[in-house]
Amino acid sequence: MIGQFLRLSMRGVADLRLHPFAQLLTLVAVAMVTLLTGLILLGLNTVNFELLKSRGQVEFQVYWKTDVGAEVVVKDWDVIRAMDHLRDFKTFTPENALTELASALGETGDFSWLADNNPLPYSGLASFRVPPEAQDEGWAAQLLTNLKSLPGVDKVNYTPFQADLAQSWTTISRMVIWPVLGFLALIVSLVVHNTIKLSLLTRVDEVEILSLVGASPAYIRWPLLTGGFVQGVLGSGLGIGLLALVHSFIAEALNFPPFLLEIRFLPMDQLAMLGGAVTLVSVISSWVAIK
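Residues numbered from 1 in each chain as written. Predicted model: local features only at pLDDT ≥ 70, side-chain atom pairs only at ≥ 80, totals over all residues. Heavy atoms only, no water.

Going by an unreviewed UniProt entry, the chain carries the name Cell division protein FtsX and comes from Pseudodesulfovibrio portus. Of the chain, the UniProt comment under Sequence similarities (unreviewed entry) reads exactly: "Belongs to the ABC-4 integral membrane protein family. FtsX subfamily." The Subcellular location (unreviewed entry) field of the UniProt record for the chain holds the comment "Cell membrane". (UniProt positions renumbered as here; feature names shortened; annotations may be inferred.)

Asker: So what exactly am I meant to see when it comes to the packing of aromatic side chains here?
Answerer: Two measures describe an aromatic ring pair: the distance that separates the ring centres and the angle between the ring planes. Under the definition given, this model contains 3 aromatic pairs. Plain terms: the ring middles of Phe60 and Phe128 are 5.7 Å apart, the flat faces sit at 80° to each other, and that makes the pair edge-to-face. Residue Phe60 is found in strand β1 (residues 57–64), and its partner Phe128 is found in strand β3 (residues 123–129); the two are separated by 68 residues along the sequence. Relative accessible area serves as the criterion here: at 0%, Phe128 is assigned to the buried category. When the centroid spacing of 6.1 Å and the interplanar angle of 70° are considered together, the rings of Trp77 and Tyr122 count as edge-to-face. Taken together, the residues Trp77 in helix α3 (residues 70–81) and Tyr122 in the loop between α4 (94–105) and β3 connect sequence positions 45 residues apart. Accessibility assignment for this pair places Trp77 and Tyr122 in one class, buried. One aromatic cluster in this structure is built from Trp64, Trp77 and Tyr122. Taking NZ or CZ as reference, Lys155 lies 5.4 Å from the ring centre of Tyr63, over its face. (Phe/Tyr/Trp six-rings, centres within 6.5 Å; stacked < 30°, edge-to-face > 60°. Helix = DSSP H or I, 4+ residues; strand = E, 2+ residues; numbered from the N terminus. Buried < 20%, exposed > 50% of the residue type's maximum accessible area, 1.4 Å probe, protein only. Lys NZ or Arg CZ within 6 Å of the ring centre and 35° of its normal.)

Asker: How do you make sense of the environment of Phe229 when you look at a structure like this?
Answerer: Inspection of the secondary structure puts Phe229 in helix α8 (residues 217–250). Assessed through its relative accessible area of 43%, Phe229 is described here as partly exposed. C-alpha of Phe229 to C-alpha of Leu280: the two residues are 51 residues apart in sequence and 7.7 Å apart in space.

Asker: So what exactly am I meant to see when it comes to the nonpolar core here?
Answerer: Side chains that are nonpolar tend, in soluble globular proteins, to be buried together. With 21 residues, the main nonpolar core has Phe60, Val62, Trp64, Ile80, Phe128, Leu147 and Val156 as its most contacted residues. At the level of elements, β1, α3, β3, α5 (139–148) and β4 (153–159) are the ones that each hand at least two residues to this core. Ranked by residue count, the leading element in this core is α5, at 5 residues. If sequence neighbours within four positions are ignored, Val62 has contacts with Tyr122, Ser123, Gly124, Leu147, Val153, Lys155 and Val156. Within the second largest apolar cluster, 11 residues are counted, among which are Val30, Ile240, Leu243 and Leu266. (Core = buried A, V, L, I, M, F, W, Y, C linked by side-chain atoms within 4.5 Å. Contact = heavy atoms within 4.5 Å.)

Asker: Please clarify how the pattern of salt bridges should be interpreted in this entry.
Answerer: Two side chains of opposite charge can pair, provided their charged atoms sit close to one another. Counting across every chain of the model gives 1 salt bridge. Taking the shortest distance from any N to any O, the salt bridge between Asp78 and Arg81 comes out at 3.6 Å. With Asp78 and Arg81 both in helix α3, this residue pair falls 3 residues apart, about one helical turn. (Salt bridge = Lys/Arg side-chain N within 4 Å of Asp/Glu carboxyl O.)

Asker: Is there a simple way to think about the pairing of β3 in this case?
Answerer: Within β3, 5 of the 7 residues are buried, leaving the element largely enclosed by the surrounding structure. Sheet topology places strand β2 (residues 86–92) next to β3; 6 bridges connect them, and they run antiparallel. The residue bridging Asp88 from the neighbouring strand is Ser127, located in β3. (Pairing = 2+ DSSP bridges.)

Asker: How should the environment of Gly43 be read in this particular structure?
Answerer: Looking at where Gly43 falls in the secondary structure, it is placed in helix α2 (residues 20–55). Using a relative accessible area of 36% as the deciding quantity, one classes Gly43 as partly exposed. Put simply, Gly43 and Arg264 are 221 residues apart on the chain and 8.5 Å apart in space, counted from C-alpha to C-alpha.

Put into structure tokens, the structure is as follows:
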């Protein structure tokens with residue numbers, strides 16, 4: 001049984017040489033479909049990464065207790081500077097804060113009468129830029145908790161506008177972009193199906209002869225199905241190879257001021273999903289065409 005299964009599979013691979021022109025067109029169609037889908041995923045993956053990298057940040061305004069000494073505040077500042085993913089940290093003594101406030105108010109900001117009795121506390125503005133791999137739900141809340149737990153801290157305010165922007169992009173990608181990609185996948189499956197079906201039509205005479213001599217449906221269908229699988233594997237592999245070639249030319253195309261945008265190649269899991277999806281579509285299309 002296994003020997004017959006292997007013989008039929010090998011015959012399906014060998015039969016690809018019977019109609020080389022039709023098989024070549026099918027291979028090219030599958031490769032182009034893979035390349036087109038890969039380019040769209042490449043753009044989406046790059047936008048996701050860059051947006052989350054540059055926009056996925058949060059700013060914390062930290063205020064210390066008015067009755068703590070400068071030594072405690074300085075130790076807390078050192079702890080914040082040692083935190084992971086810190087992008088920028090501006091510190092303000094009560095004197096600095098009073099000067100900044102006076103400068104912001106202009107001529108009306110004369111607070112010299114408060115010099116000996118300054119009510120402002122020590123404060124700081126900490127900006128964190130978290131990389132995409134750490135952009136999971138609750139990371140800003142965890143940072144907020146860590147800052148509030150510092151010994152001399154009185155209160156912490158944060159304005160996660162850019163984090164909200166990153167979250168909004170994630171929502172948009174889920175609600176709009178992925179359905180569009182799903183629709184594209186449907187179009188891709190129809191293209192691959194029709195191409196493989198046209199390829200199988202060149203073998204109608206062979207199938208009819210096998211049926212007339214009493215060959216079972218499984219004996220006829222399995223080599224054709226194997227051929228569709230091989231076409232899917234080779235076509236998706238060729239498409240991914242072309243995608244890598246195109247990426248080598250465009251990777252640094254936008255990596256200059258003011259864009260500084262590096263086009264990143266797809267990770268291995270997405271490449272495997274792309275190749276597997278195209279191969280699966282090819283097999284299913286072959287089965288439907290054979291039926």
